[in-house]
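Examining the three-dimensional arrangement
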Amino acid sequence: MRSRFNINNYSNLGQRAITALVGAVVVISSIIYSDWTYFIVFAAILGFAQMEFYKLCGLDGMLPLKSFGTFLGLMIFTLTFMIEKERLPQEYLYLIFPIISLTFFIKLYKKTDKKPFTGVAFTYLGIFYVAVPFSLLNLAVFSVDQVYHFEIILGSLLILWASDTGAYFAGTKFGKTKLFERVSPKKSWEGFLGGAFSAIAVAFLVARYFHSIQDWKWLVISGIIIIAGTYGDLIESLFKRSIEIKDSGKGLPGHGGFMDRFDGLLLSAPFITAFLKIF
């Protein structure tokens, strides 16, 4: 009798490796194949991550508008993509404000909600914490001559993954000096330095083969990812610690949830986009 593949039969490291490999293939293929496949896959990641955020808020007694908030996040992502792709005029971005304002109208009719403005606040927080950074990626990938350059998002992700991987193995092997024990007891300065070394090394490789932007900009992006990515991880750890859970979800075996996997990107994306747009 043939045995079925079950990822739960593997160790945490094995699950982590399998999930990372499959996820990397899907994400990298979608980025390289076309701007539309990039759009579809990243819209899906955004949707899952934002739903996770709202679910976690619910565990802490908050009542955000899960479905409507996620719809708003996907709408912002879609509008920014279509505008950057020049399929819609920039004026359509103003649609965001009246549609977001509908949150108040919806809460007005929620009779059982004792703290409606808390729900509104956490609905908006999910949009700004998850949807806006993902939407800013659209501005980054179209930042050169309004043409889709997959190298920008792919190079940034490779540097981010190198940072995460280097920090994980260096921290596991050599970690002794606590980085931010109050928020994340397992993170160490040794892990941080291992991640920084890996990120810079990959940035040099990326600069050698990807020429959409100047070489020095890849080094700056690696610096942004090393710092902002680390803080993004710590901020999500602080959020999870405040509601006393270990992982944001179970959607990615060995990694937890989508927020666990993309927390570094959430804080890095605004800085990367601002840097590319200004310089």
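Residues numbered from 1 in each chain as written. Predicted model: local features only at pLDDT ≥ 70, side-chain atom pairs only at ≥ 80, totals over all residues. Heavy atoms only, no water.

Bringing the pattern of salt bridges into the picture now. Per the stated rule, a full pass over the model turns up seven salt bridges. Salt-bridge contacts for D113 lead to K107; the nearest nitrogen and oxygen are separated by 2.4 Å. Judged by its relative accessible area of 12%, D113 is buried. Across the pair R261 and D164 runs a salt bridge whose closest N-O atoms are separated by 2.8 Å. Highlighted residues: R261 in helix α9 (residues 258-278) and D164 in helix α6 (residues 150-174), separated in sequence by 97 residues. D164 sits in the partly exposed class, given a relative accessible area of 24%. Sharing partners across several salt bridges, the network here consists of E236, K240 and D260. (Salt bridge = Lys/Arg side-chain N within 4 Å of Asp/Glu carboxyl O. Buried < 20%, exposed > 50% of the residue type's maximum accessible area, 1.4 Å probe, protein only. Helix = DSSP H or I, 4+ residues; strand = E, 2+ residues; numbered from the N terminus.)

Our focus in this paragraph is empty space enclosed by the protein. Scanning the entire structure with this criterion turns up one cavity of 30 Å³ or more. The space that makes up the largest cavity amounts to roughly 30 Å³. What lines the largest cavity is L137, A140, I152, I153, S156 and I272. Elements supplying a minimum of two residues to the lining of the largest cavity: α5 (116-141) and α6. With three residues, α6 is the single largest residue contributor to the lining of the largest cavity. Taken together, the residues that form the lining of the largest cavity break down as five nonpolar, one polar and no charged. (1 Å grid on protein atoms, 1.4 Å probe; cavity = no way out; pocket = protein on both sides within 12 Å on 5 of 7 lines; lining within 4 Å. Points joined across faces, edges and corners; volume = space filled by probe spheres on them. Nonpolar A, V, L, I, M, F, W, Y, C, P; charged D, E, K, R; others polar.)

With that settled, consider the environment of A199. As for its placement among the helices and strands, A199 is situated in helix α7 (residues 189-209). Accessibility expressed as a relative area gives 0% for A199, which makes it buried. Sequence spacing of A199 and G223 is 24 residues, and the spatial spacing of their C-alpha atoms is 8.2 Å. Beyond its immediate stretch of four places on either side in the chain, A199 contacts I159, A162, S163, S222 and I226. (Contact = heavy atoms within 4.5 Å.)

When the UniProt feature table is mapped onto this chain numbering, "transmembrane region" (unreviewed entry) sits at residues 20-49, 61-80, 92-109, 121-142, 148-170, 191-210 and 216-235. Helix and strand shares over residues 191-210 are 95% and 0% respectively, and the end C-alpha atoms of the span are 27 Å apart. (UniProt positions renumbered as here; feature names shortened; annotations may be inferred.)

Here we take up the packing of aromatic side chains. The tally for this structure, following the rule as stated, stands at 26 aromatic pairs. Summarising the aromatic geometry, the rings of W216 and F275 are spaced 5.8 Å apart at their centres and angled 85° between planes, so their arrangement reads as edge-to-face. Taken together, the residues span a long stretch of sequence, with W216 in helix α8 (residues 215-242) and F275 in helix α9 at a distance of 59 residues. With relative accessibility at 44%, the residue W216 sits in the partly exposed group. Note on F275: relative accessible area 9%, which makes it buried. (Phe/Tyr/Trp six-rings, centres within 6.5 Å; stacked < 30°, edge-to-face > 60°.)

It is worth spelling out the environment of K187 at this point. Position of K187 among the secondary structure elements: in strand β2 (residues 184-188). In this structure, the C-alpha to C-alpha distance between K187 and W216, residues 29 residues apart in sequence, is 29 Å.

Let us now look at the side chain of N138. The residue N138 is located in helix α5 in this model. A relative accessible area of 0% places N138 in the buried class. For N138, the side chain forms a polar contact with the main-chain oxygen of F77, separated by 3.0 Å. Ignoring any residue separated from it by four or fewer positions in sequence, one finds N138 in contact with Y38, F77, T80, F81 and E84. (Polar contact = N/O pair within 3.5 Å; in protein donor to acceptor, adjacent residues only side chain to side chain.)

In this structure, I31, Y38, F42, F134, L157 and I221 are the most contacted members of the largest nonpolar core, which totals 72 residues. The biggest single contributor to this core is helix α2 (residues 35-59), with twelve residues. Residues from two domains meet in this core; each of domain 1 (29-144) and domain 2 (148-278) gives at least three. If sequence neighbours within four positions are ignored, I31 has contacts with Y38, F42, Y148, F150, I153, L154 and L157. (Core = buried A, V, L, I, M, F, W, Y, C linked by side-chain atoms within 4.5 Å. Domains from an automatic or database assignment.)

Moving on: the packing of α2 against helix α3 (residues 66-84). Between α2 and α3, the least distance of the axes is 9 Å, while the angle of their chain directions is 155°. Comparing their axes, α3 and α2 come out roughly antiparallel. Between α2 and α3 the crossing geometry is right-handed. Only K66, G69, T70, G73, L74, F77, T78, F81 and M82 of α3 make contact with α2, whose side of the interface consists of D35, W36, Y38, F39, F42, A43, L46, G47, Q50, M51, Y54 and K55. (Axes fitted to C-alpha atoms, helices over the stretch in contact; angles between N-to-C directions. Parallel < 35°, antiparallel > 145°, perpendicular 65-115°, else oblique. Left-handed = near helix turned anticlockwise from the far one by under 90°.)

Right, let's talk about unusual backbone geometry for a bit. Residue E86 is not a glycine yet carries a positive backbone phi of 65°. Along the chain, E86 falls in the loop between α3 and α4 (96-108). By relative accessible area, E86 is classed as exposed at 58%.

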